Every structure is written in C-alpha cells, then in structure tokens.
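# Structure at a glance
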Amino acid sequence: PYFGNSISSEEQQIEFIENLSSSANSNNNSIDTNNSPQVVDLNNTSEHILPAPPAEELRTHHHCLNSDFVPKASKAVWTMLNDNMAYTRGAVKMGRGVKTHTQTPIDLVVMELQSKPLSDALWKELKAVGFMRCTVESIPAPEKTRHDLKEKFAVLHVWAMTVYETVLFIDADTFVQNSLDDLINTDLKAKGKTIGVTKDIRGGKWVETFNSGVLLLHPDRQEHDRLIELLRSGIQFEFIMSDQGFLNEVYAKDWHEIGFLNNANLALYRFQREFWDQHKLEDINIIHYTMQKPWKCQSKGPYGPICDVWINAP
C-alpha cells in the first residue's frame, strides 16, 4: 500500500489551458466559473471549442485545494502521502528515478490529505526532486473498510484531474529504475480498457484480481462521479483491501495488463521465484516492495539483491 513548485506565470497557465482545450483528447467541457473546487462537466458534447478560461479557473479541471498547484504537462506521475515520514523517503527515491529515466514531459505530483498535511521539512525534500503539491479532502470510506486503510479512497480524486490526459499513480513503496515512457504513453482507450494494472499474487499464488500499486488511467469527470456514486451505494467488495478491493470490484473485466516489468511485486520474488528469475533485474521498470518496505530492507536479508537496488540508489 502507499502512504504514507515553481509557479508558472499567468501566460504559461493560459497557454497550457489553450493547448488542453485544443488537444485530441479534450472533452470541450463547459466551465464552472465560480471559485469552488469543482471540475469540468463532461456532459457537454458540443463541438464548439471554448475560449481559454482565466487562469484562476484552472482549478475547475482538478480537485486540488491549494492555489499553488499549477500543472505544466499533459501527463503526470502521482503518488499519495500522509504524515508517515518513512513513505516520504520512498517517494523521494521513486520520483528521482522517474525524472532520471523518463523523457516524456511529465508532472510529478504528491497528493496530501487536507486533514494530514506534510511538514515543511518533508515538502522541502519532495520539491527538491520536482514534486508539486495537491491537497485534497478525504473521501469517506465504507464503515467495513480496514481502519488503517480508510484514507486510501482519496485516490479516487485522480479520476477528476481532467487537466491531465494521462495519470500514472504509483505507490510510494516502489522504485523506478528504468524509463516509463512506453507505459505512460499507453492509450487505454485504443485497447478498450479503462485502467492499466497488473495481475496480483495473494497467499503465494497468482489470483485473477489486480494490484493497484501501479495504476494507469485517463482522468474523466463522468467516471469519477460514477466511482463516488458506487462507493456510496453500498457496493460489496473485499473491504480489507480498501481501495484496491473496490477497484477490483468495479473494473473486474475492464483492465489492461501492463506487465510484470511495470509492477514487479516483491511477493513474486518470494513465492514465484522461478517466474521472477525469468526476467533480468536490470530490465524491471518498477519494483514494488510489498513484502518489505524498501527503507527497512537489508542487503543480508531475504530480499538482498532487490533491497540493494533501493539502498544504492541516490
């Protein structure tokens, strides 16, 4: 599980919105002109191209409450942190890996809960890597959800971030050691799927559900609203798995396999070693430290070679 800026000029903001409005993926949405953190209405299918809204209306494309959130790219890599300092260490190394190996222009974004803001000291570390802040409200979890994972439903905010064409949401207990260009440029619509994830392993065996620690999606306001409505509907899912259980229920037959190399679950190293060894460690794009958090890894432990990747990374 995950847990845990320079501000461009007004002209840059307006130029970005103009580009967004004219892109092939634009929904040509109507704009809510008040200052509330609402997102664009995707029900308007008119072919009319709207003029670029004033810069202060940028917030109508996302749910970020902080005024200094100013997107610069059409694609982004997001993670989520709370007040657990250890996960910030993971996010810093993960973000540095993204910036080092990925050529596609992307924004790096940390989503923090308004109720659990990160300290200035932690933000100093995150901003040094290139992360922007997106502060969001919590999304109430169903009562049966495991107590320590209730906050994770805030990930659903990402579907409302229509200021982006594509978002790759990555848990902070991962490490990126190769390019994410192919992954983040995947067109899920062309593949007829809504999200991109990879098959999970539970109890040492492959299962038909997916692991959402690496989650690719195209933000869509209507889909966001549908997810929130489903969450409030009393839908039954594997509550102990929190948001991952919910997403598996919703997208049971609507996900694209992004492959082991893009979410190399450490559980496979332990329980499906023959499969893991069929791949070169250096070919893995994203290592997911599910069995042991990377900041707790030891070279002489059971995951030694995999731990060393994170330990030795800058």
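Right, let's walk through the structure included here. (Residues numbered from 1 in each chain as written. Predicted model: local features only at pLDDT ≥ 70, side-chain atom pairs only at ≥ 80, totals over all residues. Heavy atoms only, no water.)

With that settled, consider the packing of aromatic side chains. Think of a pair of aromatic rings as described by two things: how far the centres are apart, and how the planes are tilted against each other in angle. The full count for this structure, using the stated rule, is 14 aromatic pairs. Taking the centre distance of 6.2 Å and the plane angle of 15 degrees together, the rings of tryptophan 159 and tyrosine 251 count as stacked. One end of the pair, tryptophan 159, is in the loop between strand E3 (131–136) and strand E4 (166–170); the other, tyrosine 251, is in the loop between helix H6 (242–250) and strand E8 (255–257), and 92 residues separate them in sequence. You'll find tryptophan 159 and tyrosine 251 in the same group, each marked buried. On the basis of an interplanar angle of 70 degrees and a centroid distance of 5.6 Å, the ring pair of phenylalanine 237 and phenylalanine 246 is categorised as edge-to-face. Given a relative accessible area of 9%, phenylalanine 237 falls into the buried group. When its relative accessible area of 0% is taken as the criterion, phenylalanine 246 is described as buried. Chaining the aromatic ring pairs together yields one cluster made of Trp206, Phe260, Tyr269, Phe275, Trp276 and Tyr303. Cation over ring: lysine 93 sits above tryptophan 310, and NZ or CZ is 4.1 Å from the ring centre. A cation over an aromatic ring shows up here: arginine 273 above the ring of tyrosine 269, its NZ or CZ 4.0 Å from the ring centre. (Phe/Tyr/Trp six-rings, centres within 6.5 Å; stacked < 30°, edge-to-face > 60°. Helix = DSSP H or I, 4+ residues; strand = E, 2+ residues; numbered from the N terminus. Buried < 20%, exposed > 50% of the residue type's maximum accessible area, 1.4 Å probe, protein only. Lys NZ or Arg CZ within 6 Å of the ring centre and 35° of its normal.)

A few words on the state of the cysteines. A full pass over the atoms with the stated rule returns 2 disulfides. At a sulfur-sulfur separation of 2.0 Å, the disulfide partner of cysteine 64 is cysteine 134. Around the S-S axis, the bridge from cysteine 64 to cysteine 134 shows a dihedral of about -100 degrees and counts as left-handed. Linking cysteine 64 in the loop between helix H1 (10–22) and strand E1 (75–81) with cysteine 134 in strand E3, this pair joins segments that are 70 residues apart in sequence. We classify cysteine 64 as buried; its relative accessible area is 0%. Each bonded cysteine of the protein chain is numbered by sequence order, and under that numbering the disulfide pairs are 1-2, 3-4. (Disulfide = S-S within 2.5 Å.)

It is worth spelling out the nonpolar core at this point. Of all hydrophobic cores here, the largest spans 48 residues; its most connected members are Leu126, Leu168, Ile170 and Tyr289. Looking at this core, the element that brings in the most residues is helix H2 (residues 85–101), giving 5 residues. With residues up to four places along the chain from it excluded, the contact list for isoleucine 170 reads Val77, Trp78, Thr79, Met94, Val176, Leu180, Gly213, Val214 and Ile286. Counting residues in hydrophobic clusters, the runner-up holds 39 residues, among them Cys64, Leu113, Val155 and Phe246. (Core = buried A, V, L, I, M, F, W, Y, C linked by side-chain atoms within 4.5 Å. Contact = heavy atoms within 4.5 Å.)

Before going further, it helps to examine the sheet that holds strand E5 (residues 174–176). The mixed open sheet is built from 3 strands, whose spatial order is E5-E10-E9. On the outer flanks of this sheet lie E5 and strand E9 (264–265), each paired with one strand and no other. When E9 meets strand E10 (residues 286–288), the two strands line up parallel, connected through 2 bridges. Opposite alanine 264, over in E10, you have isoleucine 287 as the bridge partner. (Pairing = 2+ DSSP bridges.)

Turning our eyes to something else, we now look at unusual backbone geometry. Within the chain, serine 242 stands out as a residue other than glycine whose phi angle is a positive 55 degrees. By relative accessible area, which is 0% here, serine 242 ends up buried.

Bringing the pattern of salt bridges into the picture now. If charged atoms from side chains of opposite charge come close, those side chains can pair. A complete count under the given rule lists 11 salt bridges for this structure. Here glutamate 151 and lysine 116 are joined by a salt bridge, their closest N and O atoms 2.7 Å apart. You can see glutamate 151 sitting in the loop between E3 and E4 and its partner lysine 116 sitting in the loop between strand E2 (107–113) and helix H3 (120–129), a full 35 residues away along the chain. With a closest N to O distance of 2.7 Å, arginine 202 and glutamate 238 form a salt bridge. You can see arginine 202 sitting in strand E6 (residues 195–202) and its partner glutamate 238 sitting in the loop between helix H5 (221–232) and H6, a full 36 residues away along the chain. Assessed through its relative accessible area of 36%, glutamate 238 is described here as partly exposed. (Salt bridge = Lys/Arg side-chain N within 4 Å of Asp/Glu carboxyl O.)

Following both chains from N to C, one finds H2 and H3 inclined at 10 degrees, their axes separated by 9 Å at the closest point. Classed by the angle they form, the pair H2 and H3 counts as roughly parallel. Mapping the contact onto sequence places Met85, Thr88, Ala91, Val92, Gly95, Arg96 and Lys99 in H2 and Leu122, Glu125, Leu126 and Val129 in H3. (Axes fitted to C-alpha atoms, helices over the stretch in contact; angles between N-to-C directions. Parallel < 35°, antiparallel > 145°, perpendicular 65-115°, else oblique.)

This next bit is on the sheet that holds E2. Read from one edge to the other, the open sheet built from 7 strands follows the order E3-E2-E1-E4-E7-E6-E8, with strand pairing classed as mixed. This sheet does not close on itself; its edge strands, each paired only once, are E3 and E8. Sheet twist, expressed as the average angle between the axes of neighbouring strands with direction ignored, equals 40 degrees. Against the sheet, H3 makes contact with E1, E2 and E3, and its axis sits at roughly 130 degrees relative to E3, the strand it touches most. Along the sheet face, H6 touches E6 and strand E7 (205–217) and points at about 100 degrees away from the line of E7.

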